[in-house]
Amino acid sequence: MSIMKICSLITLILVSVLPCTAQKAVVFGYITDENGDVVAGVNVYPLLDPTSGTISDHNGRFELQLDAPGETRIVFSFIGYESDTLSVNLQPGQHQELSIILHPSIINISLIEITDKEALRNEASGIYIESKDIEKIPTPFAGIEAALAAQALGVSSTNELSSTYSVRGGNFDENLVYVNDFEVFRPFLIRSGEQEGLSFIHSNLVSSVFFSSGGFQPKYGDKMSSVLDVRYKKPNSFRGSVELGLLGGSAHVEAASKNERFTFLLGIRQKSSQYLLKSLETAGQYSPSFTDLQTFITYRLNNKLDLELIGNFAMNRFVFKPVSRETTFGVVNRVLRLTVYFDGKEEDRYRTLMGGFALNHHLQKNIGLKWLISAYRSVESEAFDIIGEYWLDEVESDFGKENFGQTRYSLGVGGLQQYTRNNLEATMIEGAHKGYCLLGKHHFKWGVNYRHERIEDRINEWERVDSAGYSIPYTEEQITLSAVLKSDIRLNSNRISGYVQDTWSLNNTARTTFTYGIRFTYWDVNNEFVASPRIQFAFRPKTKKADLSFRMSAGLYNQPPFYRELRDLNGNVHKDVRAQKSFHTVAGIDLNFKAWDRKFKFITEVYYKYLWDLVPYQFDNVLIRYFGENQARGYAAGIDFRLHGELVEDAESWISVSIMSTQEDIKNDSYSIYLDSLGNRVFLSSANTDAITDTLTVYPGFIPRPTDRRFKLNLFFQDYIPRVKFLKVHLNLVFATGLPFGPPTGQRYQDVLRIPFYRRVDIGFSAQLFDRNRKELPPKNFMRHFESIWATLEVYNLIGVNNTVSYLWIKDISNTIYAVPNHLTNRRINFRIIFKF
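Residues numbered from 1 in each chain as written. Predicted model: local features only at pLDDT ≥ 70, side-chain atom pairs only at ≥ 80, totals over all residues. Heavy atoms only, no water.

## Topic: the overall build of the protein
If you tally the helices and strands in the protein, you get four helices and 48 strands. Here the protein holds 837 residues, and 54% of them are scored as buried. Considering only intrachain contacts with a sequence separation of at least 6, the fraction spanning at least 24 residues in the protein is 67%. Accessible surface, the protein as shown: approximately 37100 Å² in total, 58% of it carbon and sulfur. (Helix = DSSP H or I, 4+ residues; strand = E, 2+ residues; numbered from the N terminus. Buried < 20%, exposed > 50% of the residue type's maximum accessible area, 1.4 Å probe, protein only. Contact = heavy atoms within 4.5 Å. Areas by Shrake-Rupley, 256 points an atom, 1.4 Å probe, with all protein chains shown as cover.)

Here you go:
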């Protein structure tokens, strides 16, 4: 054999053998936390060669190639979780699948920031709140809800006295709120922002928060608009904070045992909005006091079992003795003034108690189970008897007249009396089970829930209106009250719900995921069984030109009635009310890009919701009064935009815009128009009935829903003095079009007028007075006990706009109705100081 043939043969053998010898061993799989939720961004690397590692993707999936055959120790590490090390023994070319569960080891982060995690880019709509920017937003009602209103897509809140919010055309009753998998509630009777105390969520205890504006997964419950999923911290050391300000204060402590098997959180808050309420038009003695105490305790029995205990007690008390009110309103060529003098008082109490217990069972590395039991108790009372005497005058608006700004003539005098003695007791006992299982590219989740509800509601309220000595509505025979509501209701019920879902990664890199599943619920009051199938699809194209993510979702989002939906405007309960139903379609794109060498993100979502079996309602400030029947169908459609990033280095800012329309068509809703013989319209009265020759019936069709806010813009900007980053300014601007409203007749077709635009600017200035990391201190220096000290000066409603929240309706003996605006708070300055240790 020639030398050339020998060389060719050797070359052929080497070419055949080298690919086999170059094959690498591969380990792959999914990484989740102890609740079964995927964990993105986990560092995965060989212990002896950290530079050859990888990270888990947005679906928790990882894939690591190993060069060396034999036993290799692999490390899994991520901030906020305990590191895990696992040994594998693979041969070249061998593939092994792993399921990794990381246990939280929370490091306390002192601020709060809302960001979009990479792990969330396969959700149809959502953001994560991780402990960073909330306390920076200058707003009287600070907390998670304020951050949502400022940043989340499609969220609207234009009442600084309330923590309620509207999401894409839905009211607050259509929003889900969970804390560590326990559903939480708010008091039922609250009818105005002044009465509202603290929201359930204590932001100093929060580890992370997920929020979805619609199109959420089947694991989240039976509401039509949004879900807010809160996780409290599991600390690993002793820390705490104290905050004091003109509107109240708060404090919290957190600690863990040396081996971190036992952890606890304890928080207390006290709010007194007296200083803020004194800026309202109605002068008087405000005595609000809102206090709550919360705790969250965990204990790990062993590597497979751990316990959780959550508790909350809230005591809200609101006492108000009004004295007088003066409101000037109208247009330039006709200015009116309402002056009212009051006697009497209002006293409201809302006491709630909630406790929950959970057992987590990590059956295997890829299987987890959770068992929960909880109880909620609310005892509420409203008692007020207020008499007012009013004067309605027309004011001189001509600058050239000597009596400019004074009364030209009186339009009428009268009186009004409001009487209420309402009491409500609500008890809910709940048991639930949920679990997850990882099988290859599939991530299965399931759950079942049972809840017993008991409601005792006693309503006794009426209103009398007097004009020029005549009770309105006027009759010659008797005194008639303008509004009466009386009822005594007992309702016991049982509710069963559950879900099953699967998240399927269609390829190894998990750039394409598909989530599908179904929910079901049954309520024994109306004996209705409802099923809600839902799907989500997410795709991230592999391209170097742009970091894009596309998301789509569709499904049914049905809302079985709660007690309030059953009660109509007259206090009667209709037990045959069916679930309100909606079909959601959501499509979204988010783009990560760089500008000025800094990271930015642009997000947009378009959505359409078809609604049917709706229960119409009207707003009484923040109280929702339902009609008690499935009378309407409707829709909500819109588009949301959000751009956020660091306009100033290390200080994130954002701008968000929402455009929306939501309308409903109420079945059998109609009114009559009366015509005379010439075809002219005749307004009905006892004096002109003979002139009526024809009657036309008008069907209004689609009319705006009470939450139809067509446009909203929110701008938040942060800046600091160059080279002095501990001196910062925070500016929050909100502009929103007005909501529809109408006279208090209970006729929805009349609610087509619009409240004026909402315009508000709040600004805050913060200074870090002490930072332990900036300065070396002697061992015995008292300041070593503090981590940081911040002082904040905030100016609320900087431009002093009188925003309108609702209307007071005044009617005279001639049946003329005047809509007198109820304004929100005026300009106020607040000071806060925050100690962290």
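## Regarding the sheet that holds strand E38 (residues 694–698)
Taken together, three strands build an open sheet; the order of strands is E37-E36-E38 and the sheet is antiparallel. With partners counted over all chains shown, the strands left at the sheet margins are strand E37 (681–682) and E38, one partner each. The sheet contact formed by strand E36 (residues 671–675) and E38 spans five bridges and is antiparallel. Within E38, the residue paired with Ile 673 across the bridge is Leu 696. (Pairing = 2+ DSSP bridges.)

## Structural notes on the sheet that holds strand E7 (residues 95–102)
Spatial strand order, E4-E1-E7: three strands in an open sheet with mixed pairing. In this open sheet, the two strands that pair with only one neighbour each are strand E4 (61–66) and E7. Each strand of the sheet is rotated relative to its neighbour by a mean of 25°, with strand direction disregarded. Bridging between strand E1 (residues 25–33) and E7 involves eight bridges; their strand directions are parallel. When the bridges of E7 are listed, Ile 31 appears paired with Ile 100. (Axes fitted to C-alpha atoms, helices over the stretch in contact; angles between N-to-C directions.)

## Things to note about the nonpolar core
Counting residues in hydrophobic clusters, the biggest one holds 52 residues, and the most contacted among them are Leu 148, Tyr 165, Ile 201, Phe 211, Leu 228 and Tyr 232. Among the elements that make up this core, the one with the highest residue count is strand E23 (residues 407–439) (four residues). (Core = buried A, V, L, I, M, F, W, Y, C linked by side-chain atoms within 4.5 Å.)

## Overview of a nonpolar patch on the surface
Taken together, the side chains of Leu 246, Phe 765, Leu 793, Ile 829 and Phe 831 present a nonpolar region at the surface, about 450 Å² in accessible area. The partly exposed category is assigned to Phe 765, whose relative accessible area is 39%. (Patch = residues over 30% accessible without salt bridge, like charges linked within 9 Å, V, L, I, M, F, W, Y side chains within 5 Å. Salt bridge = Lys/Arg side-chain N within 4 Å of Asp/Glu carboxyl O.)

## Overview of the pattern of salt bridges
Oppositely charged side chains are able to pair whenever their charged atoms sit close together. As enumerated under the stated definition, the model contains 50 salt bridges in all. Measuring nitrogen to oxygen at the nearest pair gives 2.8 Å for the salt bridge that ties Arg 168 to Asp 640. Here Arg 168, found in the loop between strand E11 (166–167) and strand E12 (175–179), pairs with Asp 640, found in strand E34 (residues 632–648); they are 472 residues apart in sequence, far enough to count as distant. The exposure classification of Arg 168 matches that of Asp 640, with both residues buried. Salt bridges here are not isolated pairs; linked through shared partners, they connect Asp 181, Asp 229, Arg 231, Lys 234, Glu 308, Lys 370 and Lys 434.

## Details of the pairing of E36
In regular strands, side chains alternate between the two faces of the sheet. Bridging between E36 and E37 involves two bridges; their strand directions are antiparallel. Paired with Tyr 674 across the strands is Val 682, a residue of E37. The turn joining E36 and E37, which pair antiparallel and follow one another in sequence, is formed by five residues; a positive phi near 85° is taken by Gly 679.

## Observations concerning the packing of aromatic side chains
Scanning the model with the defined rule gives 35 aromatic pairs in all. Considering the side-chain rings of Phe 185 and Phe 562, the 6.2 Å spacing of their centres and the 10° angle between planes classify their relative orientation as stacked. Of this pair, Phe 185 sits in the loop between strand E13 (182–183) and strand E14 (206–212) while Phe 562 sits in the loop between strand E29 (547–556) and helix H4 (563–566), and the two are 377 residues apart along the sequence. Across this residue pair, the class does not change: Phe 185 and Phe 562 are buried. Residues Phe 520 and Phe 529 carry aromatic rings whose centres are separated by 6.1 Å and whose planes lie at 20° to one another, so their mutual orientation is stacked. For Phe 520, a relative accessible area of 30% puts it in the partly exposed group. With a relative accessible area of 55%, Phe 529 lands in the exposed category. In textbook terms, an aromatic cluster arises when at least three aromatic residues are bridged by ring pairs, as seen for Tyr 178, Phe 210, Phe 216, Tyr 220 and Tyr 557. The cationic tip of Arg 495 hangs over the ring face of Trp 523; the distance from NZ or CZ to the ring centre is 4.5 Å. The ring centre of Tyr 275 lies 5.0 Å from the NZ or CZ of Arg 828, which sits over that ring. (Phe/Tyr/Trp six-rings, centres within 6.5 Å; stacked < 30°, edge-to-face > 60°. Lys NZ or Arg CZ within 6 Å of the ring centre and 35° of its normal.)

## Some words on unusual backbone geometry
Excluding glycine, residues mostly have negative phi values, and the peptide bonds linking residues are mostly trans. Even without a glycine there, the phi angle at Asn 180 is positive, about 50°. For Asn 180, a relative accessible area of 4% corresponds to the buried category. In this structure, Asn 527 is a non-glycine residue whose phi angle is positive, near 55°. One can find Asn 527 in the loop between strand E27 (512–523) and strand E28 (528–539).

## Considering the environment of Leu 176
Turning to its location among the elements, Leu 176 is positioned in strand E12. Residues Leu 176 and Phe 211 lie 35 residues apart in sequence; the distance between their C-alpha atoms is 9.7 Å. Aside from chain neighbours lying at most four places away, what touches Leu 176 is Glu 183, Tyr 220, Gly 221, Asp 222, Lys 223, Ser 226, Val 227 and Leu 228.

## Side note on the confidence of the model for the protein
Looking at the protein as a whole, the pLDDT averages 83, with 87% of positions reaching at least 70. Note on residues 1–22: pLDDT under 50 across the span, and two contacts to partners over four residues away in sequence or across chains. Confidence over residues 106–124 falls short of pLDDT 50; this stretch has 91 contacts with residues more than four positions distant or in other chains. (pLDDT = per-residue confidence, 0-100.)

## Structural notes on the pairing of strand E47 (residues 817–823)
Of all seven residues in E47, five are buried; the element is thus mostly enclosed. Judged from the seven bridges that link them, strand E46 (residues 804–811) and E47 form a sheet pairing that is antiparallel. Bridge assignment links Leu 808 to a residue of E47, and that residue is Val 820.

## Description of the side chain of Thr 521
Within the secondary structure, Thr 521 sits in strand E27. We classify Thr 521 as buried; its relative accessible area is 3%. Separated by 3.4 Å, the side chain of Thr 521 and the backbone oxygen of Ile 496 make a polar contact. If near-sequence neighbours (up to four positions away) are discounted, Thr 521 is found in contact with Asp 222, Arg 495, Ile 496, Ser 497, Glu 528, Phe 529, Val 530 and Pro 560. (Polar contact = N/O pair within 3.5 Å; in protein donor to acceptor, adjacent residues only side chain to side chain.)

## Some thoughts on the side chain of Arg 337
Within the secondary structure, Arg 337 sits in strand E21 (residues 334–364). Buried Arg 337, no salt bridge; nearest opposite-charge side chain is Glu 326, N-O distance 4.0 Å. (Lys, Arg positive; Asp, Glu negative; His and termini not counted.)

## Topic: the environment of Asp 719
With respect to the secondary-structure elements, Asp 719 resides in strand E40 (residues 711–721). Relative accessible area serves as the criterion here: at 26%, Asp 719 is assigned to the partly exposed category. Along the sequence, Asp 719 and Asp 650 sit 69 residues apart, while their C-alpha atoms lie 9.0 Å from each other. Aside from chain neighbours lying at most four places away, what touches Asp 719 is Val 648, Leu 727, Lys 728 and Val 729.

## A look at the environment of Arg 490
Looking at where Arg 490 falls in the secondary structure, it is placed in strand E26 (residues 483–505). The sequence separation of Arg 490 and Glu 425 amounts to 65 residues, and the corresponding C-alpha distance is 9.7 Å. Those residues in contact with Arg 490 that sit more than four places away from it in its chain are Ile 455, Glu 456, Asp 457 and Arg 458. Here the side chain of Arg 490 touches Asp 488 through a polar contact of 2.4 Å, side chain to side chain.

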